[in-house]
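# Observations on the three-dimensional arrangement
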Amino acid sequence: MQSDSVTFDLGFYTEQCRHNDGEGMAPEPTTLSIDSSQGQGEGFANPWDVSETLAHVGTGSWGTVDRSGQGPNSYKQGFYFAPEFDGTAYTVADIQDISYWLYEPTALGGVDIYLNIYTRAESDGNDAGWYDSRLQALPSESNGGTPNFTPGEWNEFSTASGASNTLTWSDTGRSGNFNQPLPTLDDVQSGPVDWSTYGANASFTHDYRDEEVFALSLQTGSQSGVDLEAYIDDVTVTLTSGETLRLDLEP
């Protein structure tokens, strides 16, 4: 009828065309301050330092402490995050992507701020301690050992294949020395990993897909005599269900 009417709300947002992957708006980040348990680095030797000028999102970032004059294993830093989503457990197979942004004034080193996936201990005799598996990805080993890293800028490291820096993995919770090229997360999620193909003395095969994620962690190495100045920010975890956690690390 001519007298009928309808009302609705219409919203708009804008995107730039250049450097746009078509995925739409990024989720709003959850702010973690240095005063949080994550910022204090519970379970590690030191809390994070902060920058109030360097930031990929927000107004600051977390960084490494001054290591000068400190002894062995005294400056280990790290934090745990994303043990579950909205109270729901998830497995290694449920991970779509994990990414974080790294800033360093100089070139990447062999030991850096790196990503770990810890899976929950299953008491099946195959555990490596308080966790079942520990998968570790070093920035310097991304892209088969040839990372695209620009000192003095924010660089993204991601588990996604085809990313600017695709992280690759070692099972450091067990044994063996691993050689490049290491498996990507896609490789780990495609079936059992035969580690003998990645290292002469890593003679074991393991299937990680159905293991429940106990926690994710970003942390530094604990070697003495390593001078590392590095900052991290804008950490994002996305599950295959579409659920996403984005962390803004603030002073």
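Before reading on, note that the structure itself is shown above.
Cut-off values and rules
Residues numbered from 1 in each chain as written. Predicted model: local features only at pLDDT ≥ 70, side-chain atom pairs only at ≥ 80, totals over all residues. Heavy atoms only, no water. Helix = DSSP H or I, 4+ residues; strand = E, 2+ residues; numbered from the N terminus. Contact = heavy atoms within 4.5 Å. Areas by Shrake-Rupley, 256 points an atom, 1.4 Å probe, with all protein chains shown as cover. Pairing = 2+ DSSP bridges. Core = buried A, V, L, I, M, F, W, Y, C linked by side-chain atoms within 4.5 Å. Buried < 20%, exposed > 50% of the residue type's maximum accessible area, 1.4 Å probe, protein only. Polar contact = N/O pair within 3.5 Å; in protein donor to acceptor, adjacent residues only side chain to side chain. Salt bridge = Lys/Arg side-chain N within 4 Å of Asp/Glu carboxyl O. Phe/Tyr/Trp six-rings, centres within 6.5 Å; stacked < 30°, edge-to-face > 60°.

### A look at the overall build of the protein chain
Across its full length, the protein chain holds one helix and 14 strands. Contacts in the protein chain between residues far apart in sequence, at least 24 positions, make up 68% of those at least 6 positions apart. Accessible area for the protein chain stands at about 12,600 Å²; split by element, carbon and sulfur atoms hold 46% of it.

### A closer look at the sheet that holds strand E6 (residues 114-120)
Here we have five strands laid out as an open sheet, ordered E4-E12-E6-E7-E9, and antiparallel in their pairing. Of all strands in the sheet, those with a lone pairing partner are strand E4 (78-81) and strand E9 (170-171), marking the two edges. Sheet analysis places E6 next to strand E7 (residues 131-137), joined by five bridges and oriented antiparallel. The residue of E7 that forms the bridge with Ile-117 is Leu-135.

### Description of the nonpolar core
Counting 45 residues, the largest nonpolar core has Phe-79, Phe-81 and Ile-232 as its most contacted members. Counting only elements with at least two residues in this core, the list comes to E4, strand E5 (95-103), E6, E7, helix H1 (185-190), strand E12 (213-219), strand E13 (231-239) and strand E14 (244-250). If near-sequence neighbours (up to four positions away) are discounted, Ile-232 is found in contact with Trp-48, Ser-61, Trp-62, Phe-79, Tyr-100, Trp-101, Leu-102, Ile-113, Trp-154, Leu-218 and Leu-249. Core analysis: the next-biggest nonpolar cluster, separate from the first, contains five residues, Leu-54, Tyr-103, Trp-154 and Tyr-231 among them.

### Topic: the environment of Ser-222
Structurally, Ser-222 can be placed in the loop between E12 and E13. Placed 177 residues apart in sequence, Ser-222 and Ala-45 show a C-alpha to C-alpha distance of 9.3 Å.

### Re the side chain of Arg-246
Among the structural elements, Arg-246 can be located in strand E14. For Arg-246, the side chain forms a polar contact with the side chain of Asp-234, separated by 2.7 Å.

### A word on the pattern of salt bridges
Applying the stated rule across the entire model yields five salt bridges. For Asp-171, the salt bridge is made with Arg-174, and the minimal N-O distance between the two is 2.7 Å. The salt bridge involving Arg-209 is made with Asp-207; its shortest N-O contact spans 2.6 Å. A residue is classified by how much of its surface remains accessible, and Arg-209, at 26% relative accessible area, is partly exposed. Overlapping salt bridges bring together Asp-132, Asp-171 and Arg-174 as one network.

### Remarks on the packing of aromatic side chains
The final tally for this structure, using the stated rule, is 20 aromatic pairs. Seen from their ring centres, Phe-178 and Trp-195 are 5.0 Å apart, and the 65° between their planes marks the pair as edge-to-face. Taken together, the positions of Phe-178 in the loop between E9 and H1 and Trp-195 in the loop between strand E10 (193-194) and strand E11 (205-206) put the pair 17 residues apart, joining distant regions of the chain. A residue is classified by how much of its surface remains accessible, and Phe-178, at 18% relative accessible area, is buried. Classification of Trp-195 by relative accessible area gives buried; the value is 0%. Among the aromatic residues, ring-to-ring pairing joins Phe-44, Tyr-80, Tyr-118, Trp-130, Tyr-131 and Phe-214 into one connected group.

### Quick word on the environment of Gly-162
Tracing the chain through its elements places Gly-162 in the loop between strand E8 (154-158) and E9. Look at Gly-162 and you get exposed, because its relative accessible area is 78%. Sequence spacing of Gly-162 and Asn-143 is 19 residues, and the spatial spacing of their C-alpha atoms is 9.0 Å.

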